[in-house]
Amino acid sequence: MAKKALVVKAKELKTDVAVVKDFEVSIGRIIDETWTEPVGPTPFPSITDLREWDFKLLHRYKPMYMPFCDLCCLCTFGKCDLTQEKRGACGLNMAAQQSRIVLLACCIGAATHLGHARHMVEHVIEKFGRRYPLDVGGVNVQLEAPITRLVCGIRPRTLGDLEDVLDYLEDQVTHLLSATHTGQEGSNLDFESKVFHAGMVDHVALEVADIAQIAAYSFPKADPQAPLVELGYGTIDTHKPVIMVVGHNVISSIGIIDYLKENDLYADVEVTGLCCTAHDTTRYSSRAKIVGPISWQLRFIRSGIPDVIVLDEQCIRADTMLEAKKIKAPVIVTSDKNCQGLQNRTNDPADEIVADLVNGKVPGVLILNSEKAGEVASRTALEIAPKRKKLKIVPSVKGIIEAAKKCKLCNDCTRACPEGLPIPEAMREAATGNVQMLADLYETCVGCGRCESACPNDFSIHSFIIATAGNILKEEKFKIQAGRGAIQDVEIRNVGSPIVLGEIPGVVAFVGCANYPHGGKEVAEMCKEFADRRYIIVLSGCSAMSAAMYKDEEGKTLYEKYPGDFDAGGIVNVGSCVANSHIAGAAIKIANIFAKRNLRANYEEIADYIYNRVGAVGVAWGAMSQKAAAIASGCWRLGVPVIVGPHGSKYRRMLLGRKDNEKDWYVYDARTGDRVYVGPVPEHLFYTVETKEEAIVMVAKLCMRANDTSKGRAIKLTHYIDLHKRLYNTMPDDIHLFVRTGADIPITMKEEILDILEKKGWKEGWIPDPTLLPRLIRKRKE
Amino acid sequence: MQAESWQTAEVPGPTKALVITKPEVVVAMVKRAKRPILIVGHEAVDIDAGNEKLIDYTINLAKTAHIPVVATAHIVGEFLKRGFPPAGWMPAVDITNRLRDPEWKGLDGKGRYDVALFTGIPYYMQWILFSTLKHFALNLKTISLDRFYQPNATWSFPNLSVKDWNENLGAILSKLGGE
Ligand code: SF4
Ligand code: SF4
Ligand code: SF4
């Protein structure tokens, strides 16, 4: 009922564009008489309200499908063979099927963040009350929820206000998911528009989850000086009982830290984690530690160091129970989404549960109460640690050499390995006593364990790699800045102009998972490259961790070397995956705070602004999850291009511009209504690369925007050309597409570029006030 | 002849590449092609092909059979270093996207390509790019010159030993009149 009322009210508003004040939602909770900003055209947009905007983007960036399978097997009509223009029994073709799968992935991603957000909001409301204020940055952050304001048209002031937002989001995901049913949507472009909608919904969910936890748990509040915290296996004091937390929802980890603090035990126990829960534990307590990204799960468990493993939700290995059993570490699962077949002991006395875990009576328990989970985890760790004696299952090097002699050299491992690592060759070497080749695989191995499942000899190949790499793991001692959360309004004020004019050449976001093609080092290298060039670097999730795992000659990590300010040359860790919202939020804030565009329910105009003016690019170098797909989709709808590493090709659809089709690259000049050619800026919206070098050059290129001033364009071109020359060993072949007037030409390369322009038959153009939206034209020509 | 995907799980479905059982197959395809094109990925710089690198082999092949080359990723410089300017360079997804476009007139503006040879792109990425072409470029024949079976190509070698692969590549070149 409530949801329906909300939507009805929103629809009424839409008929009266941009004039409704004192927006009141009839379910009665969001009454904001103080926000005088007019309501824009799309409060709480339905799944078709932004379709026209999506189609404008999809017209430029036509989807290229890369089917991952020839078949559709979603219903019992099938399987259907969709190869080469065949249609399924329901009439669907391959393009629609691929876009449908992309939509499914994005719905999974959005639902996951949304489920997380709902749990977080309910939990903190129970603890702190609905009226608890949403303070995410004190006086420095007046614009506390830019995405929510933009999409929903409301200004959430308290935790309770977020519930209404979640109602809307859940409604949308349901509709989106229903569109994937057999015999529903049949147009690939409409599926794509829905993908964008799922992405937008996802971004709101991210924001809700993160601002709720920042406010309730006093995480760093838009703090460029957020503390440096410890990261890496080597930072963990293995003499202490160790609690390992994995996942994305920090509530149970907070239960642990609170229990330890209240009982004066925090100094006696190490709380350390992987993936985003680890990020968020360090935002809660700078004494908590991070082991590393998602791909460190197996290696850390097998090291025997964790005494208790606590799982919440998302990105947890499904075989954690099996691995934990081998090292005799009990597992506590704490999320209703991830119960692992364990008995629900939520209502049992803590004493009994602890006794059962310590005595090995049960391998693990489900506890759906964070305080109890915190107590049980802490007490179990303290009691079991002396018994376990850090039992590990990593074999000795001698044992590995003996095993290697029995290797069949069958290649099953390398054929199962996502990276195609040369394991058989390494085994052949190991059989001769030289394990160096095995050790060398450490940097690239993503810790998936697929090689082991494939091996007919049941070799623990991943463990072989870890064991032979020996000290590398122990020497992993790094510093990372704890996730700072939002970007301050004043920071936006300072950088808004140089970004929009192009003088800060770009904002580059390194986000997402750790399915890297050649290890995490490439993330750090890319960050350094652009920070040194005075781009603004923002990071989140596993990428933020990987960027911390490399040191310079002085032994410093990027976070020690570069400031954490959202400014040219800054390296900014916003936090966990849900903190990605602050990256999108920063782009939105530029449009609002710097450019004074109305934000409230004004999605299309703000996206048009960002698309044409804010040189932001996302790089998801190791993206693999459905959540990453949803986050990327939210960026696309906002007009922010995303580059993925080579494994990202498996997302099965790219959004590619065609710089050779001149007609695709016209905008309106908002001053005159003229149609103006602005060149392919940005050239692609979603694009997968083969190599780091290719990614670097493309980042520089995709930061160009139609609105760049000549000074800004010259700066951006300088970086693009310089990087292209260094990494491709030649001039780019498309410079003429990015020079609009003579003043755009970088002064130091004038002769060379003029020569190229002449050969290409280049003609001088002009720089419009660019928009894709005819309604924003201020004065039409007669 | 049946062949298996090199990465075990990368199986496509009912439509699988025909297996190149002898080098003459490729030779005939190239000779018959009106407008062939050769796409070379970054791994060609590191992969050994007999006494040379794969990139050197592709240069020989291109010169011998007069096939224009597109260098993907960042390796145009490697071609230039070897004194061989490729006909073009662009991302692997971009050349694939153009090849599936019935309106695209080619690098020289003279019309569509009818045969596309690929080599040196990471296996799983090449796999999926071939899939695009298999489904959406029905008039294009694709050939994988890589050592491993690429089921989404029109024609591909089966998984070969280094020795057999080198011999096949050598035979293709010599039968086309090269050294
Ligand atoms: S959903 Fe359509 S294409 Fe898929 S299996 Fe069913 S009938 Fe076939
Ligand atoms: S665990 Fe490492 S070596 Fe084994 S398949 Fe995965 S990435 Fe390859
Ligand atoms: S799968 Fe096992 S037996 Fe086969 S090559 Fe790999 S390690 Fe050796």
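Look above for the structure.
These numbers come from a predicted model, not from an experiment. (Residues numbered from 1 in each chain as written. Chains lettered and ligands numbered in written order. Predicted model: local features only at pLDDT ≥ 70, side-chain atom pairs only at ≥ 80, totals over all residues. Heavy atoms only, no water.)

## Observations regarding the overall build of chain B
Under the convention used in this document: What counts as a helix is a DSSP run of H or I of at least four residues, what counts as a strand is a run of E of at least two, and both are numbered from the N terminus. We call two residues contacting when some pair of their heavy atoms lies within 4.5 Å. To be clear on the numbers: accessible area is Shrake-Rupley with a 1.4 Å probe, and residue cover counts the displayed protein chains and nothing else. Within this scheme the basic residues Lys and Arg register as positive and the acidic residues Asp and Glu register as negative, but His and the chain ends are omitted. A charged residue contributes its charge at one atom only: NZ of Lys, CZ of Arg, CG of Asp or CD of Glu.
A tally of regular secondary structure across chain B gives six helices and nine strands. Dimensions along the principal axes, computed over C-alpha positions, put chain B at roughly 40 × 40 × 30 Å. Long-range contacts, defined here as pairs at least 24 residues apart, represent 64% of the contacts in chain B between residues at least 6 apart. Accessible surface for chain B amounts to roughly 6900 Å². Of this, 52% is attributable to carbon and sulfur atoms. Of note, chain B has its 20 positive side-chain charges centred 7 Å away from the centre of its 18 negative side-chain charges.

## A look at the pattern of salt bridges
Applicable threshold: For this document, the term salt bridge refers to a Lys or Arg side-chain nitrogen within 4 Å of an Asp or Glu carboxyl oxygen. Whether a residue is buried, partly exposed or exposed follows from its accessible area with a 1.4 Å probe, protein chains only, as a fraction of its type maximum: under 20%, in between, or over 50%, in that order.
Evaluated as defined, the whole model comprises 66 salt bridges over all chains. Of the charged contacts, one joins Glu503(A) and Lys711(A) as a salt bridge, the two residues approaching to 3.9 Å between their closest N and O atoms. Of this pair, Glu503(A) sits in the loop between helix H20 (489–501) and strand S12 (507–510) while Lys711(A) sits in helix H28 (residues 710–728), placing them 208 residues apart in sequence. Among the residues examined, Glu503(A) registers a relative accessible area of 30% and is labelled partly exposed. With a shortest N-O distance of 3.5 Å, Lys163(B) and Glu167(B) are connected by a salt bridge. Here the residue Lys163(B) and the residue Glu167(B) both occupy positions in helix H6 (residues 162–175), the gap between them amounting to four residues, near one helical turn. Its relative accessible area of 55% is what places Lys163(B) among the exposed residues.

## A closer look at the site of ligand 3
Residues and elements named next belong to chain A. Rules: By convention in these notes, a residue is near a molecule or strand provided one of its non-hydrogen atoms lies within 4 Å of it. Note on residue categories: nonpolar means Ala, Val, Leu, Ile, Met, Phe, Trp, Tyr, Cys or Pro, charged means Asp, Glu, Lys or Arg, and polar means any other residue, Gly included.
Residues in contact with ligand 3 amount to 13 residues; listed here are only the nearest, Cys 407, Lys 408, Cys 410, Cys 413 and Cys 455. Residue assignment for the shell around ligand 3 shows that the elements contributing at least two residues are helix H14 (412–416) and helix H15 (423–431). Looking at the shell around ligand 3 residue by residue, the class counts come to 10 nonpolar, one polar and two charged.

## Some points on the interface of chain A and chain B
Heads up, the condition is: Take the accessible area each of two parts loses on contact, using a 1.4 Å probe, and add the two losses: that sum is the buried area.
Listed by partner, the interface residues are 54 residues for chain A and 46 residues for chain B. Both sides together, the interface formed by chain A and chain B hides about 3800 Å², and carbon and sulfur atoms give 55% of it. Together, Arg415(A), Arg658(A) and Glu690(A) form the three largest contributors to the area buried by chain A at its contact with chain B, with a combined 22%. Here chain A and chain B share four salt bridges between them. For Asp101(B), the salt bridge identified is with Arg658(A), shortest N-O distance 2.9 Å. Ranked by residues supplied to the side of chain A that touches chain B, first place goes to strand S1 (residues 62–65) of chain A with four residues. Of the residues assigned to the side of chain A that touches chain B, the class counts are 25 nonpolar, 14 polar and 15 charged.

## A few points about the nonpolar core
The line we're drawing: Definition used in this section: a nonpolar core is a set of buried Ala, Val, Leu, Ile, Met, Phe, Trp, Tyr and Cys residues joined via side-chain atoms within 4.5 Å.
With 307 residues, the main nonpolar core has Ile537(A), Phe566(A) and Leu99(B) as its most contacted residues. If one sorts the elements of this core by residue count, helix H6 (residues 188–217) of chain A sits on top with 17 residues. Beyond its immediate chain neighbours, meaning those up to four positions away, Ile537(A) contacts Val508(A), Phe510(A), Cys527(A), Phe530(A), Ala531(A), Gly570(A), Ile571(A) and Val572(A). Ile243(A), Val245(A), Ile256(A) and Val376(A) belong to the second-largest nonpolar core, a separate cluster that totals 27 residues.

## Details of empty space enclosed by the protein
All names here are of chain A. The condition is simple: Within this scheme a cavity is a closed region of a 1 Å grid, computed over the protein atoms alone, that accommodates a 1.4 Å probe without allowing it to escape, whereas a pocket is open but has protein on both sides within 12 Å along at least five of seven lines; lining residues each have an atom within 4 Å of a point. Grid points are joined across faces, edges and corners, and a volume is the space filled by probe spheres set on the points.
A complete count under the given rule lists nine cavities of 30 Å³ or more for this structure. Counted as a void, the largest cavity has a volume near 410 Å³. Considering the residues around the largest cavity, the lining is formed by 39 residues, among which Val 511, Asn 580, Ile 583, Ile 631 and Cys 635 are closest to the centre. Within the residue set of the lining of the largest cavity, elements represented by two or more residues are H6, helix H8 (275–284), S12, helix H24 (581–594), strand S15 (616–620) and helix H26 (626–637). With six residues, H24 is the single largest residue contributor to the lining of the largest cavity. A per-class count over the lining of the largest cavity returns 31 nonpolar, seven polar and one charged. Put simply, the second largest cavity is a space of about 170 Å³. Elements that contribute at least two residues to the lining of the second largest cavity include exactly helix H27 (692–702) and H28. Along the lines of polarity and charge, the residues of the lining of the second largest cavity split into 10 nonpolar, one polar and seven charged.

## Overview of the site of ligand 2
Residue and element names in this part refer to chain A. Taken together, 13 residues sit near ligand 2, with Cys 417, Cys 445, Cys 448, Gly 449 and Cys 451 positioned nearest. Those elements giving two or more residues to the shell around ligand 2 turn out to be helix H17 (450–454) and helix H18 (461–469). Grouping the constituent residues of the shell around ligand 2 by class yields nine nonpolar, three polar and one charged.

## A look at the sheet that holds strand S13 (residues 536–540) of chain A
Residues and elements named next belong to chain A. The condition is simple: The criterion for strand pairing is that DSSP finds at least two bridges linking the strands in question. A fitted line through C-alpha atoms serves as each axis, taken over the contacting stretch for helices, and the angle formed by two N-to-C directions is quoted from 0 to 180°.
As summarised here, the arrangement of the eight strands in space is S1-S17-S20-S16-S15-S12-S13-S14, forming an open sheet in which the pairing is mixed. Strands with a single pairing partner mark the edges of an open sheet, and in this sheet they are S1 and strand S14 (571–575). Within this sheet the neighbouring strands show an average axis-to-axis angle of 25°, counted without direction. In this sheet, strand S16 (residues 642–644) lies alongside S15 in parallel orientation, the contact comprising three bridges.

## Structural notes on the pairing of strand S7 (residues 289–292) of chain A
Residue and element names in this part refer to chain A. Our working definition: Orient the strands so they point away from the viewer; a crossover is then right-handed if the path from the first strand over the helix to the second runs clockwise.
Relative to S7, strand S6 (residues 270–274) is paired through three bridges, and the arrangement is parallel. Note on S7: the bridge partner recorded for Leu 274 is Gly 292. Regarding the hand of the β-α-β motif, the stretch spanning S6, H8 and S7 is right-handed.

## Digging into unusual backbone geometry
Residues and elements named next belong to chain A. With an omega dihedral of 10°, the bond running from Gly 78 to Lys 79 counts as a cis peptide bond. Among the structural elements, Lys 79 can be located in the loop between strand S2 (71–72) and strand S3 (80–81). In this structure, the amide linkage connecting Val 681 to the following residue, Pro 682, adopts the cis form with an omega of -15°. Note that Pro 682 resides in the loop between strand S19 (675–677) and strand S20 (684–688). Phi at Cys 275 takes a positive value of approximately 65°, unusual for a residue other than glycine. If you trace the backbone, Cys 275 turns up in helix H8. When its relative accessible area of 2% is taken as the criterion, Cys 275 is described as buried. The backbone phi angle of Leu 409 is positive, close to 50°, even though this residue is not glycine. Residue classification places Leu 409 among the partly exposed residues on the basis of a relative accessible area of 36%.

Keep in mind these numbers describe shape, not what the thing actually does.
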